[in-house]
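Spelled out from the first residue to the last, the chains are:
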Amino acid sequence: MIVSEDALAGASTAFTSVVITELANMFTVNNKVMHNLNSLNTYHLNHLLPI
């Protein structure tokens, strides 16, 4: 089976964009989780320590 270089390039580009999208989604989810944890920690600290 002979595959043209254009087809290979197109497939690898599509694959790369999917991987980048997935990584971006993971990064976004992690940031939201970390932000929520930080908010909780700040909330608890503020209520435990009367400033």
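Here's a quick rundown of the structure. (Residues numbered from 1 in each chain as written. Predicted model: local features only at pLDDT ≥ 70, side-chain atom pairs only at ≥ 80, totals over all residues. Heavy atoms only, no water.)

## Thoughts on the overall build of the protein chain
As a reminder, the rule being used: Each helix is a run of DSSP H or I of at least 4 residues and each strand a run of E of at least 2, with the numbering of both proceeding from the N terminus. Atoms counted for the radius of gyration: C-alpha only. Globule rule: 2.2 Å times the number of residues to the power 0.38. Relative accessible area decides the class of each residue, using a 1.4 Å probe on protein chains only: under 20% of the type maximum gives buried, over 50% gives exposed, and in between gives partly exposed. Here, Shrake-Rupley sampling with a 1.4 Å probe gives the accessible areas, and only protein chains in the shown set may cover a residue.
For the protein chain, the helix and strand inventory stands at one helix and zero strands. The C-alpha radius of gyration of the protein chain comes to 22 Å, more than 25% above the 10 Å expected for a compact globule of 51 residues. Referenced to the eigenvectors of the C-alpha coordinate spread, the extents of the protein chain come out at roughly 70 × 15 × 5 Å. Looking at the 51 residues of the protein chain, the share that counts as buried comes to 0%. Carbon and sulfur atoms form 69% of the exposed surface of the protein chain, whose accessible area is close to 4,800 Å².

## What to know about a nonpolar patch on the surface
Which entries qualify depends on this criterion: A patch consists of residues exposed above 30% relative accessible area that lack any salt bridge, with like charges linked at up to 9 Å and nonpolar side chains (Val, Leu, Ile, Met, Phe, Trp, Tyr) linked at up to 5 Å. A carboxyl oxygen of Asp or Glu within 4 Å of a side-chain nitrogen of Lys or Arg is what we treat as a salt bridge.
There is a patch of nonpolar side chains on the surface, built from Val29, Val33, Met34, Leu37 and Leu40 and spanning about 440 Å² of accessible area. The residue leucine 40 is located in helix 1 (residues 5-48) in this model. The exposure class assigned to leucine 40 is partly exposed, which follows from its relative accessible area of 47%.

## A word on the environment of asparagine 38
Examined against the element boundaries, asparagine 38 turns out to sit in helix 1. The exposure class assigned to asparagine 38 is partly exposed, which follows from its relative accessible area of 44%.

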